[in-house]
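Fold and geometry: a report
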Amino acid sequence: MTYSEQYLRSIDAPEAFWGEQAAALDWFQRPETMLDRDDNGIHRWFVDGQLNTCHLALDYHVAQGRGDQVAIYYDSPVTDSKRAITYSDLLDQVARFAGVLLAQGVSKGDRVLIYMPMVPEAAVAMLACARIGAIHSVVFGGFAAHELAIRIDDAEPVVVVSASCGIEVDKVIPYKPLLDAAIEASQYKPRATVILQRPEAAAELQAGRDIDWAAAAADAEPAPCTPVAATDPLYILYTSGTTGRPKGVVRDNGGHAVAMHYSMKAIYNMNPGDVFWAASDVGWVVGHSYIVYAPLIAGLTTVLYEGKPVRTPDAGAFWRVVSEYGVKALFAAPTAFRAIRKEDPEGKLLAQYDMSCLKTLFMAGERLDPPTYDWARELLQVPVVDHWWQTETGWAICANPMGIEPVATRAGSATFPVPGYNVQILDDDGKQLGPDQQGSVALKLPLPPGCLPTIWGNFPRFRDGYLSTFDGYYVSGDGGYRDEDGYVYIMGRTDDVINVAGHRLSTGEMEEILAAHPAVAECAVIGVHCELKGQKPLGLVLLKDGVDIDPDQLHRELVASVRQEIGAVASFKDTLIVPRLPKTRSGKILRKVLRQMTDGEEYAVPSTIDDPASLPELEQLLTRHRTP
Ligand code: COA
Ligand code: AMP
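Bear in mind that the values here come from a model prediction, so they are computed numbers and not experimental data.

1. A closer look at the site of ligand 1
- Neighbouring ligand 1 are 25 residues, the closest being Glu-168, Lys-171, Pro-309, Lys-533 and Arg-563.
- Gly-142 places a polar main-chain atom, nitrogen or oxygen, 3.5 Å from a nitrogen atom of ligand 1.
- A distance of 2.9 Å is found between an oxygen atom of ligand 1 and a side-chain nitrogen or oxygen belonging to Lys-171.
- Those elements giving two or more residues to the shell around ligand 1 turn out to be β10 (171-174) and α12 (334-343).
- Class assignment of the residues belonging to the shell around ligand 1 gives a composition of 11 nonpolar, 7 polar and 7 charged.
- Taken domain by domain, the makeup of the shell around ligand 1 includes at least three residues from each of domain 1 (84-226) and domain 2 (497-625).

Here's what the structure looks like:
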C-alpha cells in the first residue's frame, strides 16, 4: 500500500487497520474488540487482549531463534567500557531482576521508580517491571532531589531502583545523596531501594532499606512473564506542563506494543536484525520508545550510548558509534548536531569513519531548524527526516514514512501525518484552517494506539488540559500550519512550555521558584533563542519596593535555586531585573511579547495591554540582552 492508501485506511477504518497491525504480535490472548471507550469516555485499544510487553521484547525473540543476536550494544566513552548483550543474556538478566523486585514485594500494578544513568541496567529494570506487570516510572538523571520527591509522592513507588552515580563527560555525579534527600523530603516512603554500585563512586548503603543490585540479582529466582490486560499501564513518564507539578503520562501495554512495532518499520524502515541508535536518554520518551521498547519488540539491535555528541572525546563521537556498530538509522536531537557543527563546522572528523551503513538520520525533540537540516544532509549524504511527536503520544505524529513510501522532505517541515493521526490546524474557535494559515495543531479523536489514556491519578487534568479546548480533538500544545501540498510545519509551543537542548521544561515551574525569593515581587520566565540549545530560559524579575540587593548576588541566588530545585538540566543561567512586566488588563503577563522583543522578532501588542507606555524602555533593556 502507498502512504496515502495506508493513511486513509487508518483514518476511515481505524479498527480494521490497527487490528491488522495488532495481529503481527504474539499476544497471550488476541484482542477481539479493537476499540472501545472506558468509564471516562476515552477511547481504548484492544480492550480484551492479554499480553506481556517483556515477552514481546525478549522471550518471543529467543523462542524464535534470535537468542544469540545482540540486543543491546552498550557504549560508554565516559567509563571507557563497552558491552554486547545478546537477547538470551538480556532475558536472563531481566528475569533475575524481576525476581529481585518480586522478592521485595512488588506485584502487578505496583509502581517502581527508576532513577538511573545510561547503563544497560536501566533497560533491565524497565523490562523487569514489564515482566511482572509492575508500572515503572523512569526519572531523568539530570533532575534534582526536589523533582524526584514530587514524582515519588505522585507515583507512590514500592521500590526505587537507582545507581551510585552518573557521569557527565568528566564529572562524576553521585545519585545516592540525591535519592536520599528525595526520600527524606517525600511524604510517601518507598519500602526499599535497589542500588547499582558503579566503581566511579560507590554509595554507602543504609541497612534495612538499600539493597545492592549485584548481590540481590545473584541470588534471585528468575521470574516468568505475568499476563496483563492491553489497557493495563506499562509505565508513567512525567513531563513538564505549565505548572510546577509535572504530569504523569500513562502508557498502556497493548496499544504501546502495537504502535512501537508498527512504527519501527513504517517510519524508520527497520527490519529484524538491523541496528538502530536513538542518541537520547532512557529518562525521556525517546529513550523509552526507541532505545528500549520499539527496537526490542521489533527484534533489532539497539545502541545504548553513555556519552555526549561532543567532548566524549570529540565531535566525531557519533560517527564513531555509527561505524563501529553498523547503525542503519540514527535518531538524534537537532541540538546535538548543532553542538557537533559548532566544534567541527566542516565535519572533518567524519572522514575517519566508514559511514556506509547509515541510511537515514531522524531528528526530533525540537523543531529541526533549516540550517541544521541542510548541514546534516550535505555532510552525511543520507535523507534527514524531521519528525514531530511528544511524550503524550509516545511515537511520531508527523514524519516521512520511510518504510511505507519515502517522500521528498522540505526544510522546516515534519512532512506528513503518520497513519492513525488525524492532524488538523484549528483557529481559536475550533474551525479548520486552510493552507498556510497558522493555528493550533490538534488531533481528531480517536488517537491511535500508544497515546496516553490519562494523566496518572488525575483524569480531570487530562480532560481539561488536552480534550476540553476543542470538542472531539486532542490539543497538542503546539502551533503550526500545513502548506498547499499537505506538509505540516510545527512552529513551537503555544503554552508556557519551553524546549532547551531537546529537553521539555516548564517556565511556570521556574517562575514558582524565582517568586519564592524574598526580594522578588513578580517574575516571568521566557524561552529565548539560543544558538546551541534552541531555547534557553531567561528570568525577568521585578523587585519588591525598597529592596536593596546587589544584582549579581540576586542573580547567583536565583540561578542556584533553580539548579537546586529542578536540576542542572534546566540550564537556567540568565536573569534580568526589569522595572515592570507588561500585562493585559486582566493581569496576564505578555510572555510572548517579551520573548519576541528579546529575540528581535516583530510583535503585535494586544489591545488589552494595561500600560503600553512601558514597552519601549523594556524593549531597549531586552534588546541589550539579546544573544548575538
Ligand atoms: N545527569 C546529571 N546531569 C546532567 C544530565 C544527567 N543525565 N544531563 C545533563 N546534565 C547536566 C549537564 O552536566 C549540564 O550541567 P552543567 O550546567 O553543570 O554544565 C546541564 O545538565 C545542562 O546539560 P545539557 O543541556 O545537556 O548541556 P551541555 O552543555 O552539557 O551539552 C549538548 C550540550 C547539546 C551537547 C547536549 O545538550 C546534548 O547532547 N543534547 C542532546 C539532547 C538529547 O538528546 N535530547 C533528547 C531528546 S530526543
Ligand atoms: P517531549 O514531550 O519532551 O518529547 O516534547 C514534545 C515537544 O517538543 C512538542 O510538543 C514540540 O513542542 C517539541 N517537538 C518535538 N519534536 C519536534 C519536531 N520535530 N518539530 C517541532 N517541535 C518538536
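From this point, things continue past the structure.
2. Details of the UniProt feature "domain: AMP-binding enzyme C-terminal" (unreviewed entry) in the protein
- As annotated by UniProt and renumbered to match this structure, "domain: AMP-binding enzyme C-terminal" (unreviewed entry) occupies residues 509-588.
- Between the first and last C-alpha atoms of residues 509-588 the distance is 16 Å; the span itself is 28% helix and 31% strand.

3. A short note on the sheet that holds strand β17 (residues 301-305)
- With mixed pairing, the 7 strands of this open sheet are ordered in space as β5-β4-β17-β16-β18-β19-β20. Because the sheet does not close on itself, it has two edges, and the strands there are β5 (81-86) and β20 (384-386). Put simply, the sheet's adjacent strands are angled 20° from each other on average, direction ignored.
- Strand direction decides the pairing type here: strand β4 (residues 70-76) and β5, joined by 6 bridges, are antiparallel. Bridging across to β5, Ser-76 finds its partner in Ser-81.
- Sitting on the sheet, helix α13 (residues 370-380) touches β19 (360-363) and β20, and the angle it makes with β19 is about 165°.

4. Regarding the domain arrangement of the protein
- Under the domain assignment used here, the protein contains domain 1 (84-226) and domain 2 (497-625).
- Summarising the inter-unit geometry, the C-alpha centres of domain 1 and domain 2 are found 37 Å apart.
- Contacts between the two partners involve 6 residues from domain 1 and, on the opposite side, 8 residues from domain 2.
- Across the domain 1 to domain 2 interface the summed buried area is about 550 Å²; carbon plus sulfur atoms make up 52%.
- Scanning the region where domain 1 abuts domain 2 turns up 0 salt bridges.
- Taken together, the connections running from domain 1 to domain 2 amount to 1 residue pair in polar contact (both at pLDDT 80 or more).
- By residue class, the composition of the side of domain 1 that touches domain 2 is 3 nonpolar, 2 polar and 1 charged.

5. Considering the sheet that holds strand β23 (residues 422-426)
- Taken in spatial order, the 4 strands line up as β23-β24-β25-β26 in an open sheet, and their pairing is antiparallel. Strands with a single pairing partner mark the edges of an open sheet, and in this sheet they are β23 and β26 (488-493). Here the average twist between neighbouring strands, direction ignored, is 50°.

6. Observations regarding the packing of helix α15 (residues 507-515) against helix α16 (residues 551-565)
- At a minimum axis distance of 9 Å, the contact between α15 and α16 shows a crossing angle of 125°. Here α15 lies oblique to α16, going by the angle between them. As for the relative orientation of α15 and α16, their crossing is right-handed in sense. Contact residues: α15 offers Met-510, Ile-513 and Leu-514, while α16 offers Leu-558, Ser-561, Val-562 and Glu-565.
- Here the residues of the contact of α15 with α16 are counted per class, giving 5 nonpolar, 1 polar and 1 charged.

7. Some words on the environment of Gly-254
- Relative to the elements of secondary structure, Gly-254 occurs in helix α9 (residues 254-266).
- Gly-254 gets classed as buried once you look at its relative accessible area, which sits at 0%.
- In this structure the C-alpha to C-alpha distance between Gly-254 and Glu-184, which are 70 residues apart in sequence, comes to 36 Å.
- Beyond its immediate chain neighbours, meaning those up to four positions away, Gly-254 contacts Trp-27, Phe-46, Leu-51 and Ala-230.

8. As for the side chain of Thr-372
- The residue Thr-372 is located in helix α13 in this model.
- On the accessibility criterion, Thr-372 (1% relative accessible area) is buried.
- Within polar-contact distance, the side chain of Thr-372 engages the side chain of Asp-369 at 2.6 Å.
- Beyond its immediate chain neighbours, meaning those up to four positions away, Thr-372 contacts Pro-334, Phe-337, Arg-338, Arg-341 and Met-363.

The rules behind the values
- Residues numbered from 1 in each chain as written.
- Chains lettered and ligands numbered in written order.
- Predicted model: local features only at pLDDT ≥ 70, side-chain atom pairs only at ≥ 80, totals over all residues.
- Heavy atoms only, no water.
- Near = heavy atom within 4 Å.
- Polar contact = N/O pair within 3.5 Å; in protein donor to acceptor, adjacent residues only side chain to side chain.
- Helix = DSSP H or I, 4+ residues; strand = E, 2+ residues; numbered from the N terminus.
- Nonpolar A, V, L, I, M, F, W, Y, C, P; charged D, E, K, R; others polar.
- Domains from an automatic or database assignment.
- UniProt positions renumbered as here; feature names shortened; annotations may be inferred.
- Pairing = 2+ DSSP bridges.
- Axes fitted to C-alpha atoms, helices over the stretch in contact; angles between N-to-C directions.
- Contact = heavy atoms within 4.5 Å.
- Buried area = accessible area lost by both parts, 1.4 Å probe.
- Salt bridge = Lys/Arg side-chain N within 4 Å of Asp/Glu carboxyl O.
- Parallel < 35°, antiparallel > 145°, perpendicular 65-115°, else oblique.
- Left-handed = near helix turned anticlockwise from the far one by under 90°.
- Buried < 20%, exposed > 50% of the residue type's maximum accessible area, 1.4 Å probe, protein only.

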